[in-house]
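Listed here are the chains, written in short residue letters.
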Amino acid sequence: MNSNSINGNMAQPEFFEEEEKDFSLNDYIRKYFRYWYLFPIFLFLCLTAAFFYLQVTLPIYSTKTTLLIKDEQKGLSGTQGDILSELGSQFGGNKLVENELEIIKSQALMEQVIKELNLDIYFTAKDGLRTINLYKTSPVIIKAEVVAPFAYTEPMTIHMEDSTHFRFNDEKQLFQFGQRFNNPWGAFVIEKGVDSEFKEVQVNFTDAKNLAENMLDRLSVQQPNTKSTVLELTFEDSEVQRSKDVLNKLLDVYVQSSLNDKNSEASNTLKFIENRLGLITGELGDVERDVESYKTTQGITDISAESQLFLENIKENDSKLNEVNTKISILESVDNYIQNAGQGAVAPATYMIDDPVLVSLLTKFNELELQRERYARTTTAKNPLLETINTQLDGTRQSIRENVQNLKRGMAVTKKNLEGINTRFSAGLRSIPKKEREFVGIKRQQSIKEELYLYLLQKREETALAYASTVTDSRLIDAPIATFNPIKPKRSLVWLGAGAAGMLLPILLINLLFMLNNTVQRREEIEKVTHASILGEIGLMKNVGGQPGEDAIIKMTSRSAVAEQFRALRTNLQYLGDGTCRVLMFTSSIGGEGKSFVSINLAASLAYSDKRVLLIGLDLRKPTLHERLGLPNKTGASNALIGQGNVEDFIQPTGVHPKFDVLTSGPIPPNPSELLSNGKLPVLLAELRQKYDYILIDSPPYGLVTDSALIAEYVHATLYIVRFNYTVLDHLRRIGELQRARRFSNLSVIFNGVNYGAGYGYGYGYGGYGYGYYTEETSSSSEFGKKLKKLVGKS
């Protein structure tokens, strides 16, 4: 230690300026080296955890397929079509493709996939540390008839005994394959599956809705290029074959659903035509029977040329009138359908409407109705697109009703005109003989029914042909293809993450220990808070011979590091004050900081330098000095302070060195403070100064009692003991207050118990540079409790 620095510090004024020290990366890193053993421990634990994680976790593969959507927007002409187009441009992208994307990801389609593939019941088995899925490779097959709620909470275990027998769970009874069972899991039949090496199979039952939600989370449907109508479907699963089956079945279900929607209009038209055909067939049969009966009863075989011509005119006019009546009936059915749309009303046959505007409006209305039903299954009622469709439906409905009313008014006028013509024909018909006139009337009805019957047959065939030729609006581009390597877990990332965690976790733990540790760790902390000079540092003593290091008396003739530090401390005593300080008091903030240890060994070091030294134990409340030196304490300083005999009678040799004597504390008095302030202490010290070169006083802790303050008035210097990893940082402020107030003369600090591991500073005294030149004394391993205390410090 630099003696000039110590002497200079003694001459400093009352306040000291703090020196800003440059950041040292070396010092910062060395702090962590104190806990170097944490790094290999955590690294080993993290790598072990990564190994088990990779062993337990199933690899996940990604299966991809592409689908082409034919983007054909029909029935969107006119004002309302423009509105939808504007809305589509407002939200961006192709709305038709985006709608199909949402339909593919719908809950209903996925539940149908689960149902058709029987994915709600799956089989697993243990394969080492990993639980694998036996998709299509299970040795058992379960056909569930009823699944009880209990099955969703607890899996069922099947133990394969041989090729024909098995057991349930922990039951001992054997069962055969093909039997029907009833147990808490439900009612089902178990059949033999494929041959497998696994003899213990776990059967898991899952709710279809929950499983569908889980599978939808693993399903990704994206549009790679916004300018195209190609969708890319990606499904992640631990089983490659299952992921391919899911995608294939999902596309099948989606196509079938799309076809069902497209065939809805044709199906409704066919139903309408079939109903009308049934009515016309009955009416035509009645008319034909009337013709046959009239001819038989009246004996009519032929009609005159005039009657035949007149009949053709009447027939033509009646045909027109019947066509008008049919159109009016169709318009009424259209009006009824529009009013009751969405309530199960049958769609009218647009093929029998010759007005192109009404046909276009009905086609548009039906397409909007189909879109609304599709969106209602996949979106909420407040969805902007659904509200837009509803608005278009209302507008189209109003346009259809207005068009129907106009057509009906036109048909009414036409009907009135035809009825007027019929009246004129009827007047002319009266001139025809009664029998012939009656026959003409019957024949006319027969012709009308025949024409209507043939017309409905033609429309039914046309509708059936359209129904049969319906094709889907999507096409599979690429069949499902799975990745060769799993997408997760990424083995390299797991190992890298484990290695990083193995390094970061101990750093975080060490920083947490630093934050929780409120004890003195570094020399700079003492200098910064107390502004007092540090007279010396004493390293941490190891246990010697089963005796704690802090209780040991060092051999001053040894070459150990601590012995050399005490010799350096002995040398630094000459720089205390003006160099004539011979009466020294040792105190501390609390007990256990090493006052007695330092005072005994410093006294021994002074004695070995041929100085007569007396160590006085003035800790009259809790004396320990005699125990450390192995001496009796029947008489001592307390006896001398009350005037019982001569002080020399109470002084005892220590046995450590001939020039090292001790005055133990003696019996514990009832009033230590009054005894120290009775005026006899300075007289006693003056008397002893005549005989001894140095007088060292082991006083009580200053932070606990006032005895040290009473003793400090009669000493030349005070040595305040601060212990590494033991003294609380708040106690340093008290030392700083003493230094500023000059309560203790020539106050200096001794930093005791310093652990010169890699984490303690660099370049302070002997500790920073190490003690390679010196030899260490044999020591035993310290206890675990002491190590833990040194690790976390005092709270």
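Conventions we followed
Residues numbered from 1 in each chain as written. Predicted model: local features only at pLDDT ≥ 70, side-chain atom pairs only at ≥ 80, totals over all residues. Heavy atoms only, no water. Helix = DSSP H or I, 4+ residues; strand = E, 2+ residues; numbered from the N terminus. Contact = heavy atoms within 4.5 Å. Areas by Shrake-Rupley, 256 points an atom, 1.4 Å probe, with all protein chains shown as cover. Buried < 20%, exposed > 50% of the residue type's maximum accessible area, 1.4 Å probe, protein only. Patch = residues over 30% accessible without salt bridge, like charges linked within 9 Å, V, L, I, M, F, W, Y side chains within 5 Å. Salt bridge = Lys/Arg side-chain N within 4 Å of Asp/Glu carboxyl O. Axes fitted to C-alpha atoms, helices over the stretch in contact; angles between N-to-C directions. Parallel < 35°, antiparallel > 145°, perpendicular 65-115°, else oblique. Left-handed = near helix turned anticlockwise from the far one by under 90°. Nonpolar A, V, L, I, M, F, W, Y, C, P; charged D, E, K, R; others polar. Phe/Tyr/Trp six-rings, centres within 6.5 Å; stacked < 30°, edge-to-face > 60°. Lys NZ or Arg CZ within 6 Å of the ring centre and 35° of its normal. Pairing = 2+ DSSP bridges. Core = buried A, V, L, I, M, F, W, Y, C linked by side-chain atoms within 4.5 Å. pLDDT = per-residue confidence, 0-100. Right-handed = clockwise from strand over helix to strand, strands pointing away. Expected span 1.5 Å × (residues − 1). Arc of directions from axis to C-beta.

**Comments concerning the overall build of the protein chain**
Part 1: Secondary structure summary: the protein chain contains 24 helices and 21 strands in total.
Part 2: Intrachain contacts of the protein chain at a sequence separation of at least 6 include 80% that bridge at least 24 residues.
Part 3: Roughly 40900 Å² of accessible area belongs to the protein chain as shown, and the carbon and sulfur atoms make up 52% of that amount.

**As for unusual backbone geometry**
Part 1: With omega at 0°, the peptide bond leading from Lys-488 into Pro-489 counts as cis.
Part 2: Its location among the elements puts Pro-489 in the loop between strand E13 (474–482) and helix H13 (491–516).
Part 3: Backbone geometry at His-531 places phi at a positive 55°, although glycine is not the residue there.
Part 4: As for its position among the elements, His-531 is in the loop between helix H14 (523–530) and strand E14 (534–539).
Part 5: Since its relative accessible area comes to 16%, His-531 is described here as buried.
Part 6: Phi is positive for Asn-746, close to 50°, though the residue is something other than glycine.
Part 7: Note on placement: Asn-746 falls in the loop between helix H22 (729–741) and strand E21 (747–754).

**Brief notes about the environment of Ile-280**
Part 1: Position of Ile-280 relative to the elements: it lies in helix H8 (residues 240–298).
Part 2: Taking relative accessible area as the criterion, Ile-280 reaches 3% and is therefore assigned buried.
Part 3: Ile-280 sits 172 residues away from Leu-452 along the chain, and the two C-alpha atoms are 7.5 Å apart.
Part 4: Once you skip the residues sitting within four places of it in the chain, Ile-280 turns out to touch Lys-449, Leu-452, Tyr-453 and Leu-456.

**What to know about a nonpolar patch on the surface**
Part 1: Judged by side-chain polarity, Leu-47, Phe-51, Phe-52, Val-56, Leu-129 and Trp-495 come together as a nonpolar surface patch covering roughly 520 Å² of accessible area.
Part 2: Examined against the element boundaries, Val-56 turns out to sit in helix H3 (residues 38–56).
Part 3: We classify Val-56 as partly exposed; its relative accessible area is 43%.

**Details of the packing of H14 against H22**
Part 1: Taken N-terminus to C-terminus, the directions of H14 and H22 make an angle of 45°; their axes are 8 Å apart at the nearest point. Looking at the two axes, H14 sits oblique to H22. Every pair of crossing elements has a handedness; the one defined by H14 and H22 is right-handed. For the pair H14 and H22, contact is made by Glu-525, Ile-526, Val-529 and Thr-530 and by Leu-729, Leu-732, Arg-733, Ile-735, Gly-736, Gln-739 and Arg-740, respectively.
Part 2: Here the residues of the contact of H14 with H22 are counted per class, giving five nonpolar, three polar and three charged.

**Focus: the pattern of salt bridges**
Part 1: Following the criterion strictly, the structure yields 25 salt bridges and no others.
Part 2: The salt bridge partner of Glu-323 is Lys-327, with a shortest N-O separation of 3.5 Å. Within this pair, Glu-323 and its partner Lys-327 are both found in helix H9 (residues 305–339), separated by four residues, close to a single helical turn.
Part 3: Take Glu-323: its relative accessible area is 43%, and that puts it in the partly exposed class.
Part 4: Among the charged side chains, a network of salt bridges with common partners joins Arg-218, Asp-237 and Arg-242.

**Side note on the packing of aromatic side chains**
The geometry of an aromatic ring pair is captured by two quantities: the separation of the ring centres and the angle between the planes.
Part 1: All told, the structure shown has 15 aromatic pairs when counted by the stated rule.
Part 2: Measuring from centroid to centroid gives 5.0 Å for Phe-166 and Phe-177, while their planes differ by 40°, and the two rings are tilted. Here Phe-166, found in strand E6 (residues 165–168), pairs with Phe-177, found in the loop between strand E7 (175–176) and strand E8 (180–183); they are 11 residues apart in sequence, far enough to count as distant.
Part 3: Judged by its relative accessible area of 0%, Phe-166 falls in the buried class.
Part 4: Of note, Arg-723 hangs over the ring of Tyr-726, and the distance from its end group to the ring centre comes to 5.3 Å.

**Observations concerning the environment of Gly-736**
Part 1: As for its position among the elements, Gly-736 is in helix H22.
Part 2: Gly-736 sits 209 residues away from Glu-527 along the chain, and the two C-alpha atoms are 9.3 Å apart.
Part 3: Apart from the residues lying within four places of it in its own chain, the contact partners of Gly-736 are Val-529 and Thr-530.

**Here we look at the sheet that holds E7**
The strands that make up a sheet pair up through hydrogen bonds in the backbone, lying either parallel or antiparallel.
Part 1: Strand order in the open sheet made by the six strands is E3-E2-E10-E5-E6-E7, with antiparallel pairing throughout. The open sheet has two free edges, formed respectively by strand E3 (130–133) and E7, since each of these has just one partner strand.
Part 2: Pairing analysis gives four bridges linking strand E2 (residues 121–127) to E3, with the strands arranged antiparallel. What sits directly across from Lys-126, in E3, is Thr-131.

**Examining the packing of H3 against H13**
Part 1: Interaxial distance between H3 and H13 falls to 8 Å at its minimum, and their mutual angle equals 150°. The way H3 lies across H13 gives a crossing that is right-handed.
Part 2: Split into classes, the residues belonging to the contact of H3 with H13 amount to 20 nonpolar, two polar and one charged.

**A look at the nonpolar core**
Part 1: Membership of the largest hydrophobic core comes to 42 residues, with the highest contact counts inside it found for Ile-616, Leu-688, Ile-697 and Val-722.
Part 2: With near-sequence residues (within four places) excluded, Leu-688 lies in contact with Leu-614, Ile-616, Val-647, Ile-651 and Ile-695.
Part 3: In terms of nonpolar packing, the next biggest core, distinct from the first, is built from 35 residues, Val-562, Ala-563, Phe-597 and Phe-660 among them.

**Here's the deal with the confidence of the model for the protein chain**
Part 1: On average, residues of the protein chain score 80 in pLDDT, and 83% of them are at 70 or above.
Part 2: Predicted confidence is poor over residues 761–784, with pLDDT under 50, and the contacts of this stretch with residues over four places away or in other chains come to 42 contacts.
Part 3: Throughout residues 787–795 the model reports pLDDT below 50, and contacts reaching past four residues in sequence, or to other chains, amount to 21 contacts.

**Brief notes about the pairing of E21**
Where a strand is regular, its side chains alternate between the two sheet faces.
Part 1: With respect to burial, E21 is a largely interior element, eight of its eight residues being buried.
Part 2: Taken together, the four bridges between E14 and E21 define a ladder with parallel strand orientation. Directly across from Gly-536, in E21, lies its bridge partner Ile-750.
Part 3: Both strand E20 (residues 717–723) and E21 contribute to a ladder of six bridges, which runs parallel. Within E21, the position partnered with Arg-723 by the bridge is Asn-752.
Part 4: For the handedness criterion, the β-α-β arrangement of E20, H22 and E21 is classed as right-handed.

**Here we look at helix H16 (residues 595–608)**
Part 1: For H16, with 14 residues, the first-to-last C-alpha span of 20 Å sits near the 20 Å given by 1.5 Å per residue.
Part 2: Positive backbone phi, approximately 70°, marks Asp-610, located one or two places after H16.

**Side note on H22**
Given 3.6 residues per helical turn, the α-helix brings residues three or four places apart onto the same face.
Part 1: An ideal rise of 1.5 Å per residue puts 18 Å on 13 residues; H22 measures up with 19 Å between its terminal C-alpha atoms.
Part 2: Of the residues making up H22, those classed as buried are His-731, Leu-732, Ile-735, Gly-736, Leu-738 and Gln-739. For H22, the buried positions fall inside an angular range of 160° around the axis, keeping them on one side.
Part 3: At the exit of H22 stands Arg-742, carrying a positive phi of roughly 55°.

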